[in-house]
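Descriptive analysis of the structure
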Amino acid sequence: MSPTHRPTRPLRPTRALAAVLLGFVVLACTGKATPTTSTGGPSAVPSTRAIIATPQAVPVIPPSTDAWLAVGRAGADGLEIVQASTGQHLFNLPSGIPDPTWTQLVTVAAKSNATVVRALDVPELGGASQVIDGAWRLPTLGADPTPVGVSGDGKTIVLVADGTTAASGAAAASRFAILHRSLSGKPRLVMLHGSFEYDALSPDGAILYVVEHLPAPPVGHYQVRAIDTATGILRDGVVVDKVGLNEAMAGYPIAQARQPDGMVFTLYRGPEHPFIHALNAAEAWALCIDLPATGADDARAALDWGLAATPDGHTLIAANATLGLAAEIPLGDLAVRRSVTFAPAASTAITLAKFGHEAGGPVGRRVVVSPLGSTLYAAGKGGIVRLGMTDLTVMGRFLEGTAVDAVAITPDGGTIYALVHAGGHIVKLDATTGKVEGTVPGGGFDRLVAVVPGWSARPRRVAGSRPASQARLRQLGQGSA
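The structure displayed is predicted, hence computed values, not measured ones. (Residues numbered from 1 in each chain as written. Predicted model: local features only at pLDDT ≥ 70, side-chain atom pairs only at ≥ 80, totals over all residues. Heavy atoms only, no water.)

1. Topic: empty space enclosed by the protein
Selection criterion: The way it works is a 1 Å grid over only the protein atoms, where trapped points that fit a 1.4 Å probe form a cavity and open points with protein on both sides within 12 Å along at least five of seven lines form a pocket, and then any residue with an atom within 4 Å of a point lines it. Grid points are joined across faces, edges and corners, and a volume is the space filled by probe spheres set on the points. Numbering of helices and strands starts at the N terminus; helices are DSSP runs of H or I of at least 4 residues and strands are runs of E of at least 2. Amino acid classes used here: Ala, Val, Leu, Ile, Met, Phe, Trp, Tyr, Cys and Pro are nonpolar; Asp, Glu, Lys and Arg are charged; the rest, including Gly, are polar.
Evaluation of the coordinates by the stated rule reveals 5 cavities of 30 Å³ or more. Put simply, the largest cavity is a space of about 100 Å³. Residue lining of the largest cavity: 14 residues in total, with Glu197, Val211, His213, Pro253 and Tyr268 positioned closest to the centre. Elements that contribute at least two residues to the lining of the largest cavity include exactly strand E13 (195–201), strand E14 (207–213) and strand E18 (252–258). With 3 residues, the single largest contributor to the lining of the largest cavity is E13. Residues belonging to the lining of the largest cavity are distributed by class as follows: 7 nonpolar, 5 polar and 2 charged.

2. Looking at the packing of aromatic side chains
Where two aromatic rings form a pair, the distance of their centres and the angle of their planes describe that pair. What counts, and what does not: Geometry of aromatic contacts follows a simple scheme: Phe, Tyr and Trp rings, the Trp one being its six-membered ring, pair when their centres are within 6.5 Å, and the pair is stacked under 30 degrees between planes, edge-to-face over 60, tilted otherwise. Residue burial is assigned from relative accessible area. The probe radius is 1.4 Å, only protein chains are included, and a residue is buried under 20% of its type maximum, exposed over 50%, and partly exposed in between.
Within the structure shown, the criterion is met by 3 aromatic pairs. Seen from their ring centres, Tyr268 and Phe275 are 5.2 Å apart, and the 5 degrees between their planes marks the pair as stacked. For the pair Tyr268 and Phe275, one class covers both residues: buried. Measuring from centroid to centroid gives 6.2 Å for Tyr377 and Phe398, while their planes differ by 40 degrees, and the two rings are tilted. One end of the pair, Tyr377, is in strand E27 (residues 375–380); the other, Phe398, is in strand E29 (residues 394–398), and 21 residues separate them in sequence. In this pair, the class of Tyr377 matches that of Phe398, namely buried.

3. Some words on the nonpolar core
Across soluble globular proteins, nonpolar side chains show a tendency to be buried alongside one another. Filter applied, for reference: As used here, the term nonpolar core means buried Ala, Val, Leu, Ile, Met, Phe, Trp, Tyr and Cys residues forming a set that is joined through side-chain atoms within 4.5 Å. Here, two residues are considered to be in contact whenever any of their heavy atoms come within 4.5 Å of each other.
Counting residues in each nonpolar core, the largest one holds 25 residues, and the members touching the most others are Phe265, Ile276 and Leu334. Not counting residues up to four positions away in its chain, the partners in contact with Ile276 are Phe265, Thr266, Leu267, Leu287, Cys288, Ile289, Leu291, Leu307, Leu316, Ala318 and Ile329.

This is how it looks when you write it as structure tokens:
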């Protein structure tokens, strides 16, 4: 079926100028009004090119016939690296935050009445460690169990006190710990009265952004605050919308995409339509980008939203294969330029649910863009949809009628791995045709986190080659997911 173009509201010029000029700007993420319409062409607003992500060179990578996958299994806390062709277990990894090359990993593990924080080299797992009194964990966003909390430069780590934040939270106290990655010196401890959750870090780790949950109504009412990490002091003022000062922000986070230049995009499920909170974490200002309201009252389908940026850092795509929606957002304009609808798989069952926070979020990435930036793959309850990035047209449908929980793509862009919900199987697909080329031996996978970049070309001599490291792997691979 041909996509139906759904024009959406452009960013108002006064709003864009306010964002650039006022510094600690305002955010209108109410999710309360159905987006108005405009033409489907490029937005006619003043350009904000200064906030565009630095283009990244796309490497030329030879085709691979195999891959190493970072996966999780039901009942196991940490991750493991397996060889896709054979299902061979290569080694365990504690759950944590890897750097983009998967050569460094920040992990947290409980130890009696204390918490051990480690900054590890992979796969040897040697590195610095520090013990902090009390129970702490790496933060997560919404229902997504994937940990976050490391700044873009890799030097600042933020932890949250385990079990101290409640969504209703008027009388709650929330605590954060701020550490340097060297894990030397005492951590800076921050205690806030109220219910706060981690939102983002500036690229240099100087600013910690937190979401403060407020009493309803509306359901999901929140506001965004900023903390200077050098002092641990909460800044005065809230991140609000100067265009709509009386509009309350409300919603629940579903997915987040972070750019090297400090732009952080968090997709929220709002009361009447989803929206993207676009935060310039480097300069402490933000804007809101409304998305189509189709299926906004379906909590289960909302979990299938995903965000992905093109490799050149010029465009962000929000897509939901279960609802049949995709929106293109040029990062120089921060407004939806093109919105399309396409037919979800016929077998997709939509069950309406009351607006609220739905447990059980992503177990990997719902949306990925090919390394060359020409194709997008979106997974959902009815399979995988392949979209062309030129105009977001449907180029193919893979595993139709099969619920897919997560997808990962090889560095050469030739192969897609898909985590099938039924049985927890991982299927290998040709990225162009969708032809099933095999299944990773074994089952019971409940997470497909990534194709580990660059490791496929490394020697396969892993088991038994580093006895001391393997013992350390077994010892440390007990962190919480």
